[in-house]
Each structure stands twice: as structure tokens, then as C-alpha cells.
Amino acid sequence: MEGKMRIGAGGSLALLCTTSEGLPSQHALGQLLRGINQQLEENVHSLEHCMEDVLKLGQELPVPPEVTSPREVADFMVHSGTLDRSRCDSPEPQDTTDLLRRIKEALDQHPGQEDALFNSLMKISSQQGLCLPLPLVSSSHVTSSAMSLNAIPDEDDQGNVALWSEISVHFRGHFLRRIEDLPVTGNSCKKRLECLQNSLVFSSTRDVWRKFRALRNRQWTEVLKREDLHGLESFGSNSHSVSSLEQAQPQIMSMMAEDCMLLNCGIFDGTVKAPKAIRDMYLTGLCGWLSGLVEEISRKKSQEDGKERRKNGRQKDKGKSAMKMSGSREAFAEETEEDVTSPEDPGTSSLSRGDMDLLCRAVSVFLALERHVESLVSTMWDPSHREMRDGQRAPLRGVLKNSHSASNINQLVTDSDSTDVDSAPRETADSETVHMPIWQWRATLFELVPDVVVSLSAMVHTALKSGEEEEETYAQNRTLPTEELCAGLYGGELDYPRQVSSSCAALSRCLQQLLPLAVAGSEGGTEQIRTAFVAKTAAACDQVVAVLTKVAADCPHQAPIQNMYICLASAAFLRNQVFHFNSLLVNKGERGPLHAAYQSLRDFVDSLEQQVVGYHGNVVAASVLQDPESHNWQDTRAFYEGERCSFAIQMWSYHLSALRRDLWVYAPPRLGQHVLACVLRDSLAVLAARYSQARPTYNRTPQFRSDITAVLLITCSHLWSVCDSLHCLLDTTNPPAHPVTAIHNHCTTLMAALTVVSSPLADLYKVFKKGFHKKKKKGDEGEGTGRQNTQWLHFLYPGLFGQLGSFHELTAKQAAYVQLKLLCSQPAPDWAMLLHLLIMGGCQAPVLLLTQTGLKETVHSADNSPSAVPACGKLHCQPNSCAQAGTAEGSTVLQSVVEVMLCCPQYPSVLAKVLLPVIDRLEGWEFFEVSMFAERLEKMPLWCKCLVDAVQPIIKSVVMCAVDYVADHLGKTAPPNMAAALSALPCGCRAARGDDSDEEEEKAMSTKVVLTRALACLLSALMETVQTIPTAVQLFCKQLQDKLTEKEIQTAHSSVGLQLLAGALYLALHNQMQLEQWAGHTMKQTIKDNLSLLGLCAYHVLTATVASSKGNMPRLAYTFMRKHGSWLTEQIDNIVESVSNVSVDDGSSAAVLEGGNLEFLQLFMSTLAHNILQEPQGKKNLTHLFKVIKANQQWFQVQLGIPPLLGKDDLPQVVPFEPNPGSAEQGMTFDPLLEFNSIGDCSIDQNILLEFPWDWAELLQSDLGLSEPGFTALLQHRCDITDESCLGTDKEKRHVATLRGKFGLEQTSSV
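These figures come from a predicted structure and were not determined experimentally.

Novice: Honestly, the overall build of the chain in this entry has me stumped. Any pointers?
Specialist: Looking only at helices and strands, the chain features 55 helices and four strands. Considering the chain as a whole, with its 1311 residues, one finds that 50% of them fall into the buried category. Taking the contacts inside the chain whose residues are at least 6 apart along the sequence as the reference set, 78% of them involve residues at least 24 apart. Accessible surface computed for the chain: about 61,500 Å², of which carbon and sulfur atoms make up 52%.

Written as C-alpha cells, this is what we have:
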């Protein structure tokens, strides 16, 4: 039994290559390779010993002197008859007949036990040395006729051949039925491969391939028919057929993928190549289906054209008769000529709109199938192709056992090297390079090409009519109707808007529908479709651009400014669509047929962007910032009695907030960010120029200080919205032309004017009393941080930007909040930012999220199953990418966090950093006590369920091995043991004695025997597949075990990972509904109950020892442990080693990434986020976390201890946590009164603006980007420097005199 259970590393690697659990970890892979190397070394030593024995035997034989090598010695022994004395006697025909009849009787008497009988037959062949009649291809007709002239048939041999033929037919039929009974897709690839391999024992490779090809062809056809029947009530013949193809497409693609995996195993090597096999099984039949659809459309079109011609003919006859009766021969001739030569009306279509829709949908499916086949071909192996040789079937007496005949060995060589050619047609191997199979499905469209071209033009013309209707609506009420895009499209790499004009939506919907026909038009006669599509697309875009140009020109004097935003969004949307079309139609080395149209649209978008920026720049400079009363700096009276800042500054803040809201609603996110950044840059340029030239009087100096303070605070609040990355916000290496670079420079200018003009005289004198270049500096920091245009953020917001350096010099809490604030301020979700926030700072954000919320959701409920949400159905909505459909209810924050962390292989330690604080917060260490673990699994906490879900793929493959064995053997009678009944071989030799397992097979297949063997199969499969456990889970189990050891909590075999796997197996085998879903069919209640017992036994076997209490476990488990203790110990040790032995260098990749360049870090996170989005639940998890974090932004600020922007040192009041944010877009509402009285998230407090706690000493000692002439110019703008009447004491006068002397200034006025 133990010998049967032992599986080496080579078997493990083979199993890993055929499963989908993923690649093993680095440690596990190293362990596998070491095992393979050890096996190879043992094989080398075995071969060396064998060759030594051959040489020793050759020395004892009278071999010629020239024979020296082991190969020459072996050849001499074979050809010289030296081995004749070791050979068996020729088997008697009657003995062979008795053996074959025994096999035949066993098949007849035990129906349904063919698999067991086949295994018994293979065991006889391997243990007893019997050579089975392999399925050699029959010889050619010429060879057969030549043999029939001289050969005398042997009746006994003919009878044995007939018996073996009956046995072969029986087995072939059984394995074929098993293949037919398997699900067409799912987890049946391994079983299908096993059945095919067994069939090859009784049939030639060519015959098995032909039957398998016919079966798969029939199966995908039945899938198509089954989908056809589901929609029979709601569709007609053609539309229903196309709909069934669309619904069957995923299943057909899955069948192709599974068959490709099977073909890559080389089972049909030498008979057919994998690409040709895919073509024969699927592509040819699908091409015939498309041909039938085209013929049906052509027939329908011909019937409609015939009716139309008959109708027009009757009308023309009546008209011609009337003309003849009137005597107008000239009119009749002109009418006839016009009928012959006039082109078809562009408003009519050769194909109906419904037929065009069907054709487009069908072509779209075929393009998807073609891409799928190309991806499959790229993964196919390219093995060496050997020509298949045909040979003559040997007599049964010769192949059942070697005889004395010297021709037997030569016969084997002759059979394998025969070059006879079968007269029947045979399939030959293709070229040795794996290529895409030739699939001429586009050729079926040739007859419809002229009709499709006409119909395409008509459909585009009809779509453009909506633009004419839109112009009429605009002329009446000066508004543009809009249509929303699917939320899943918003933003993205191409920067899509939220909504576009209705005319653009109609045109895009039409072009998107026709796009598959254009993409398919890449060969021969179908190129006309592509040419027509390109021409119509370019012309339609020009027409739409003309309309948008006219509408934008009316803004804002004759139409609302929102129309300009809609035009900008529509133009950007068309630009993206044309770029997408061009990328699909382009050929290698070319720009693409729509490159000129794309360039034109891109230039149009740039011009509209400049128009928007210019308009708002003029409005800000000429209207918003115009306030003569507040900007009268020479007025000796205080503005508004010195109680507030300028109204113009407050209106400027309100204007920016309103503009941001409009851009976020209408414009594409990145384009809207750039427009807002340009407007902010231009308005700051105006403000910087004005305030750097202002000369406020003594009473106006507080207003001057308050205004600049307000400008800097407003800029800081909007800076989060105009920066799309961390390096854009804080990196001083941004390009000079970047708007944010200019914004930082203007703020630095304002900060310099604020510091020099309005700082207290005493602080100014203390720093500059010795001159500009000898000013007092704060330590050595002035040199290290000089010329940084972002340091104004530190002076303005020291509670957040506490250090005068890069982002990496911030504290962990400050860095986390900077990332969070930047993420929440973006117009669209930025998945790279979100992922960086979750990982940075030791996963501080997710740890706060899970530990500070009370963890109300951490108790698992079996009824809390996620419910799917239907797709939104908006413009270009795709169910697989729709944001609404991807937001499934029932998912928790913890589940989303764990699933995202498991998708970050570059950060294997993040899972432990997140879950260990959660367990500690809940005091869940006692949960892992081995004595109570099984009982607690029924009501396990949610964090434990997340771990079970993490290893679910491994558990599924392990469990299905045992499920299949139990389902195949439980309740069935034991087949006869052919090896035990065989006392003597046909050759007269005594049958070799089998191992102990042969005695067990003689017993009836009782429930105990079946479950025992299923348990052994379960443990062996677990040992094999545990190598693929995620590294993050391994590291978590290792750190968790260390914590449990510290707390003296006992775990199974001192391995919490083993205990977790045992619990997962227990839960999986008790979940009967899930088992039926995995198996793909319903099970008998007896089988499900025994599987539950098997799960309990597996748990006790993995977690208990023989010395444990016998009463706590099933008797089956106790007996298994007593009987197979040594083997079980070895298996458990291997599992514990695979789970626990993991080494991760935390200071390597993660540290390099965290401390690296911000721009590189953004690119890396973008790549990682892209990989997560490809996961089935990736986008749902990221969207869920983004909504929760954005809804609780202020809560995070309190938890991280970040003071508000407009506050002293006190934190905001305690903010409640919102675990279930609404689905409505946050930040889309706009309250004018609230925005007017707010700066960012804080209400405007005029007292805080007037008494802002500037650190004047640090400001004056820092580098504000001023040269000595610049500092001197600003110094002259101080009222106390130019007007002694502002000085109240002699000390102040002495300070002013000193500064004047140092900087060469004179008194300009005296009051």
C-alpha cells in the first residue's frame, strides 16, 4: 500500500503542469528541482551499474576481440543467439485462448467494471512480462496479397485474433462512451486525456483521432443547438441562430482551450498537429455555419429584390403607357435612360438593417474566435514530428510472450521500421513550425461585399441624420442633448468622458457596430468593406467637427458655457474612437488608414482646450479679480475695517470650484485636470504679478498678508485636483512646461512677497542685519533644501508637509494621508494610486480600515452571498467591464483587501501585515487551538474564511481526486483479480507473485475499502499540490505560527498551515452543494454522506496523532493511522515543510520600490494594478475599496492625526465610519453658498487668515528663490522701510536704518 502511495518529485511536477492552481513558490520550485536532480542521479548510477553488468557478462562470453563497448556486447548477444537459453518457450495457442477467454468472460460478467479490468490487464502486462497485442496499422494491400500466396493460416491464431478483437472492441466502446459522458468543458480534461490514452492500447492513433475529432465536432454543434432551443420563442431563424452562437461562444472557446492543452501533451503526435486538429474539429464546421448564414441572407435579399423589381416594373409600365398615350416620346426616352443610368438612392439599403446587424454580430464572434485560436497557437509546443510507420500485426502467440524463434526480435525491429504505405488516405504532419491554421472564413463574405458596402454607407448616413435633428434642437433652445457612457469606460488609458452629445453617440454606436466588418475586410474582395468604412468614418467625423465648431463658437455669448464642455468631451470621445478604429485596422509598419482623421480630431481637441483655457483666463483676469476697492494698496484706511481678505480672492476660489465641478462632470478626467491646471496657472500668474508689485500702507498690510495667505491656501486645496501623481505634486524634476511647475513657481513668488513685505520688522532685522549673503540660516538646512519650489507647502501646511524634502522624507502617517488625499481628489479612480496606498507604510491604510472600525463585518455568515447587479446598458456598455455590473453586493472590506493583497506577488508580506493586526484586535489567537479547531470551523470568523478562499483552488483539485474515486467505486462490486487467478503464464512460466495490494483487490469494494483508498488518494494529491500555495499565505502561516508559539497555543504538528489546509478540506467535503457544482453533475445522497465522512477522517488524520484519544475520531481514520503510520508521517512532514519553509527578503524589492523614484514607482504600480484588473474579481474589489476610502476621507484624517488645513493644532471632531457608501458619484453635487464660504474641506475663518501662524523666522532663513536685487525690490515695498511714520519706537527706527544702509535704500516719504 505504501509503495503505491509513494509519488516522486517527477510525478509532482507532471501534476503541476496539468493543473491550474498556479506556479509553485520559489522554495517549492527549488525543492521540486532538487528531487528531480536526485532522481536523475539515481538513474545515472543505475545505468552505470547495468552497463558494468553487461560488460562483465560479455567477458564471460566468447565475444570477438573487437567488441568492447556495452552496445556492441548487447548487439552480439542479440544476434548470436546467446540469449536463447534465457527465453521462454513459445506459448501454446490453447493457453493463449484460455487467457483471452478469461478476460472476455470477465468483461461479460462484470459490466461497468471495464476500468478496473483494464487496470488489472495492464498490471498483468507489467508484472508478468506479457506483451499485449499493440494496435499496429494494417499492412498495405500489396503486402497482404503477397503474403496470402505463401502463408498457411493457423486456425488457433485466427481464433485468438478474433477474441482479442472482441476484447478490443469492448474496451474501445467503453472508453469512447466515457469520453462522451464527460462534460464538454470544465474539469474533465485530465479524465478525457486518460480515456484517450487507454483507447490507444486497443486502436491506432489515427483511429482514435478520427473518433475524437468527430465527437468534439458533434459536441460543439450540440452546444450551439442547445443554445438555439433556449431562445426559440423570441427569435426568428437567423437572429436566433446568431444569438445562440454568441451565447455558445464562451463554451466553444473553453472547449478549444481544453483540447489545445490535451493536444500539447503529444497524444496525437505524428498523426496530426495541434493547429490542424483545432481547424478540423472546430474551424471548418464554424466556417460552414457562417456560409449558411450568408446564403440565407442572400436568399432573403434576392426575394426582397424580386418583389421590389416586380413592384417597380408595374409602376413603370403604367407610367410608360401614359406617356405613349400623351405622345411625349422625348419624355419617355428621357425617363427610360434615367432608370438605367441613375445610381441607387443612398437612402436605401441593399441589405436590411436587421440582416446587417446579424452579419456584424456574427463576424464579431468569428473575430473573437480567431484571436482566441491565435493565442492558443502561440502556446502550442513544437515537438519533433516523426513519420508514422505502418507495420504488420504480429501473431498473438508471438506478442504474448517471446519465443525461441530468432525472428521475433528482428520482427519487432521490422515492424517499427517498416516503410509500407497504406493505400487508404492518411494525414501527414505539416511543417515543423507551429503556425496559425488556415481559416478561410472571410471568403464566405465575398458574395455580400457589394451589398455590405451600400448598406454601410446607408447606415452611416442614417446615423448622421441625428446630427441634423440635434442642430434643429440647438437652434431652438441653445442646448445640446447628451448621452451618458458606460461608467466602466470613464477615464482609462484613452481618457473617455462621462457623457457626449447625442449625435456623437449615434455615430459612434453605428461605427462600432460596423467595425467588425471593417476589421474582417483584410483579404482580397473584402477590402472594399474596409475602404468604404474608412472613407465614411473620415467624412462623418469632418461633418461632426463642423457642427461642434459652430456650437463652440456661440459660447458663451449666445449659448451656455456648458455647451463648450460638451463639445470638448464629444471631440475627445471621437478622437479616442478613431484612434481605436485605426489601431485595429493598421498594418505593421504603417500609420493606419485613419491616421489623418485622428490627427485632425486631435488638433480640434487641442484648439477647443485652448479656447476653454483662454476664456476662463480672460474671465478671471478681467472680471473675477477686478476689485478696485480692495486692491487700493495706497489707501491709508483698512479694508473692511481689517476684518477680512479681499472679495476678489474669495470669488476666485468660488470660480475655480465651479469650474472643477463642470470639468469633472463633462470633460474627460485627464483633459479636465489639464484645463483646470492651466486656468490655475494663468490666474496665479496674474496674482503673483499683482502682489509682487503691491506697496501696501500700514493699515493695508494685514489685508495684503491675508490675501496671499488665502491665495496659497486656495491653491493648496486645488493642487490635489490638478496633480495626477505623487511625482507631479512633490517632485521638483517636473518639466518646465508642465502647468504644476509654473504653479509652484508662482506660489513661491507669492510666498516671497508675503515674507519680505509683511513679516514683522524684528524678525526681518534679526535675519538680514548683516546683509543678504550673510543672513542667519537655520542650521545647515538652507543649503540642502535650497531652490525647491515645493517648500511653500511645508510653510503653509506643516502638519502634513512636515519636512523640507522629498516625499520619502515624510512620516508614514503623513505620506499615507498625502497619497489618500491625492487619490480622493482625482476626477476618476486611479487604481495605481489606490494600490500604492494599500501597500505603502507597512499597509497602514488597510490596517486602520480593518482594526479601527470595530470589525463589525468580520463574523462570517453563510447566507451573505454576493448578488450580481445587471449592467447599466448605457453607451458602449460591456457586461464584463461595466462598473455597475462589477459592483456586487455582499462583499466586505476585509474580503476585498485580502483578495487584492494576494494579487501582489512582489509584496508577499503584506497579507501578514494586514491580517495579524486583525486577529490581535479580535483576540482570535485561541481560535487556532487544535483541540477546538474543528468545532469552531462551522462559525469561523470572516478573516479565516478569507484564508480558506485563498487556498480554494488547491483544495478543489485535491478534493476532486477523492470525489472521482468515490463516485466511480462506491457501491460497485469488486472485479475479478486477473493476476491472482493466473497461476501459470501461456509460455509455461510461473506467474510472479504480486504485492499486498493484490490481496486487497480480491476483497469486495466495501465502503471502508473505497474510503480508505480515497483518503490515501486525497493525502497524496494534497502533498503534490501544496507546492503551489501562494507565497503570501506561506509567509502568513509562518508568522502566525511564531505568534501562536509565543502564546503557547498548541497547533497540529506545530504547523498552523497544515491545520488550515485540513480545515479547508473538511469544509469542502461537507459543502455538498459546492461539490456538485465542482463535479458538474448531481450526486447520490449516499455518496455525499460518505464524502462528508471522508472530510472528517482527513481532518483527523492530518491534525491528530496515533497517541491521541481514539474516541475523538472516526474508526476509519484511527485504523488508517495505525496501518499506514510511517507513510502518513512522511506525507505530513512534506506538507509541513512545503507550507512553513519560506524565506522572503523584506528589504529587497519592496524597499527598493518604496525608496525609488516616484515616477518609476507609479509605472510599477500601474502595471501591478493592470494585472489585478485582469482577475475575475479584481475590478470589483478595487472599486469597493475606492468607494469606502473616498467616503471616509475625513475619518482617515482623524485616525492618522493630520490637522485640518484651516485649523490650529486641534484635530477635527470624531467622525463616524461609513462601511457601506452609496453608489452615487461623490463630489458631483455643488452647493454655491457652501463653496463660496469654503477653502477645500474647511470653512473660511477670516480670523485665521488674518492671524495665520506663519513661522517667520524659518521663512526668512529659507531660500525663497530670491536674488539680492529681487529681495531689495520687495524690501522697498514695505511701508516701514519707506515711511518712518509707521515706526513707533526708536529701536524700530534703528533697525530700519541698518537695513537701509545694508541694501542701499533711501527714505522716499515722510508723513
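Past the structure itself, the notes keep going.
Novice: Just to check I follow, could you spell out unusual backbone geometry for this structure?
Specialist: Peptide bonds are trans in most cases, and residues, glycine excluded, mostly fall at negative phi. Residue Pro556 is bonded to the preceding Cys555 through a cis peptide linkage, with omega at 5°. Structurally, Pro556 is set in the loop between α19 (527–553) and α20 (562–585). Phi is positive for Tyr640, which is not a glycine, with a value near 55°. Within the element layout of this structure, Tyr640 appears in the loop between α21 (595–624) and α22 (647–666). Judged by its relative accessible area of 48%, Tyr640 falls in the partly exposed class. Positive phi values are uncommon outside glycine, yet Glu923 reaches one of about 55°. Note on placement: Glu923 falls in the loop between α33 (910–922) and α34 (933–936).

Novice: Is there a simple way to explain the pattern of salt bridges in this structure?
Specialist: When the charged atoms of two side chains with opposite charge come close together, those side chains can pair. With the rule as written, the count across this model stands at 28 salt bridges. The shortest N-O distance in the salt bridge between Asp280 and Lys276 comes to 3.0 Å. Of this pair, Asp280 and Lys276 both sit in helix α12 (residues 274–326), separated by four residues, roughly a single helical turn. For the pair Asp280 and Lys276, one class covers both residues: buried. A salt bridge links Asp635 to Arg637; its shortest N-O distance comes to 3.3 Å. Note on Arg637: relative accessible area 59%, which makes it exposed. Through salt bridges with shared partners, a single network forms among Lys104, Asp108 and Glu166.

Novice: What exactly am I supposed to notice about the environment of Val1101 here?
Specialist: The topology assignment puts Val1101 in helix α43 (residues 1085–1103). Residue classification places Val1101 among the buried residues on the basis of a relative accessible area of 0%. The spatial distance from the C-alpha of Val1101 to the C-alpha of Pro1114 is 9.8 Å, given a sequence separation of 13 residues. Non-local contacts of Val1101, meaning those with residues more than four positions away in its chain, are made with Leu1015, Leu1019, Ala1117, Phe1120, Met1121, Leu1128 and Ile1132.

Novice: Help me out: how do you make sense of the packing of aromatic side chains in this one?
Specialist: Two descriptors summarise a pair of aromatic rings, namely the distance from one centre to the other and the angle between the planes of the rings. All told, the structure shown has 43 aromatic pairs when counted by the stated rule. Ring geometry for Trp831 against Phe1186: centres 6.2 Å apart, planes inclined by 75°, an arrangement best described as edge-to-face. Placement of Trp831 in helix α31 (residues 831–851) and of Phe1186 in helix α48 (residues 1178–1191) is noted, with a sequence separation of 355 residues between them. Note on accessibility: Trp831 and Phe1186 belong to one class, buried.

Novice: Looking at this structure, I do not really get a positive patch on the surface. What am I missing?
Specialist: On the surface, Lys766, Lys769, Lys770, Lys774 and Lys1302 cluster together to form a positively charged patch. Inspection of the secondary structure assignment puts Lys774 in the loop between α27 (761–768) and α28 (781–784).

Novice: Would you mind showing me how to read the environment of Gly802 here?
Specialist: By the secondary structure assignment, Gly802 is in the loop between α29 (791–796) and α30 (812–824). Considered as a pair, Gly802 and Gln814 are twelve residues apart in the sequence and their alpha carbons are 8.0 Å apart. Apart from residues lying up to four places away in sequence, Gly802 is in contact with His794, Leu810 and Gln814.

Novice: Can you help me understand the packing of helix α39 (residues 1007–1025) against α43 in this one?
Specialist: The geometry of a pair of packed helices is captured by two quantities: the angle between their axes and the separation between those axes. Across the interface, α39 lies against α43 with an axial gap of 10 Å and an inter-helix angle of 55°. As summarised for this structure, α39 and α43 are arranged oblique, according to the angle between their axes. Here the hand of the crossing between α39 and α43 comes out right-handed. Where α39 approaches α43, its residues Thr1007, Leu1011, Ala1014, Leu1015, Leu1018, Leu1019 and Leu1022 are matched on the opposing element by Asn1090, Leu1093, Leu1094, Cys1097, Ala1098, Val1101 and Leu1102. Partitioned by chemical class, the residues of the contact of α39 with α43 number twelve nonpolar, two polar and no charged.

Novice: Would you mind going over the side chain of Lys821 with me for this structure?
Specialist: For Lys821, the location among the structural elements is in helix α30. Leaving out residues up to four positions away in the same chain, Lys821 has contacts with Trp720, Gln1193 and Asp1241.

Novice: It is not clear to me how helix α36 (residues 952–969) should be interpreted in this structure. Could you clarify?
Specialist: Along an α-helix, residues three or four apart share an orientation, since each turn contains 3.6 residues. The terminal C-alpha atoms of α36, which comprises 18 residues, lie 26 Å apart, in line with the 26 Å expected from a rise of 1.5 Å per residue. Every buried residue belonging to α36 is among Gln952, Ile954, Ile955, Ser957, Val958, Val959, Met960, Ala962, Val963, Asp964, Tyr965 and Val966, and all of these are buried. The secondary structure elements touched by the buried residues of α36 are α9 (189–199), α35 (942–950), α39, α41 (1056–1070), α42 (1072–1079) and α43. At the C-terminal side of α36, Gly971 shows a positive phi close to 80°.

Novice: What is the right way to look at a negative patch on the surface in this model?
Specialist: There is a patch of like negative charges on the surface, built from Glu468, Glu469, Glu471 and Glu472. For Glu471, the position within the fold is in helix α17 (residues 449–477). Glu471 gets classed as partly exposed once you look at its relative accessible area, which sits at 34%.

Novice: Sorry, what's going on with the confidence of the model for the chain here?
Specialist: The predicted structure's coordinates, where accompanied by low pLDDT, should not be read in detail. Per-residue pLDDT for the chain has a mean of 79; in total, 77% of the residues score no lower than 70. Element-level mean pLDDT values for the chain span from 31 in helix α16 (residues 407–417) up to 95 in helix α23 (residues 669–693). In the predicted structure, residues 1–21 sits below a pLDDT of 50 and forms 46 contacts with residues beyond four places in sequence or in another chain. Taken as a whole, residues 320–348 scores under 50 in pLDDT and shows 13 contacts with residues more than four places along the chain or in a different chain.

The rules behind the values
Residues numbered from 1 in each chain as written. Predicted model: local features only at pLDDT ≥ 70, side-chain atom pairs only at ≥ 80, totals over all residues. Heavy atoms only, no water. Helix = DSSP H or I, 4+ residues; strand = E, 2+ residues; numbered from the N terminus. Buried < 20%, exposed > 50% of the residue type's maximum accessible area, 1.4 Å probe, protein only. Contact = heavy atoms within 4.5 Å. Areas by Shrake-Rupley, 256 points an atom, 1.4 Å probe, with all protein chains shown as cover. Salt bridge = Lys/Arg side-chain N within 4 Å of Asp/Glu carboxyl O. Phe/Tyr/Trp six-rings, centres within 6.5 Å; stacked < 30°, edge-to-face > 60°. Patch = residues over 30% accessible without salt bridge, like charges linked within 9 Å, V, L, I, M, F, W, Y side chains within 5 Å. Lys, Arg positive; Asp, Glu negative; His and termini not counted. Charge placed at Lys NZ, Arg CZ, Asp CG, Glu CD. Axes fitted to C-alpha atoms, helices over the stretch in contact; angles between N-to-C directions. Parallel < 35°, antiparallel > 145°, perpendicular 65-115°, else oblique. Left-handed = near helix turned anticlockwise from the far one by under 90°. Nonpolar A, V, L, I, M, F, W, Y, C, P; charged D, E, K, R; others polar. Expected span 1.5 Å × (residues − 1). pLDDT = per-residue confidence, 0-100.

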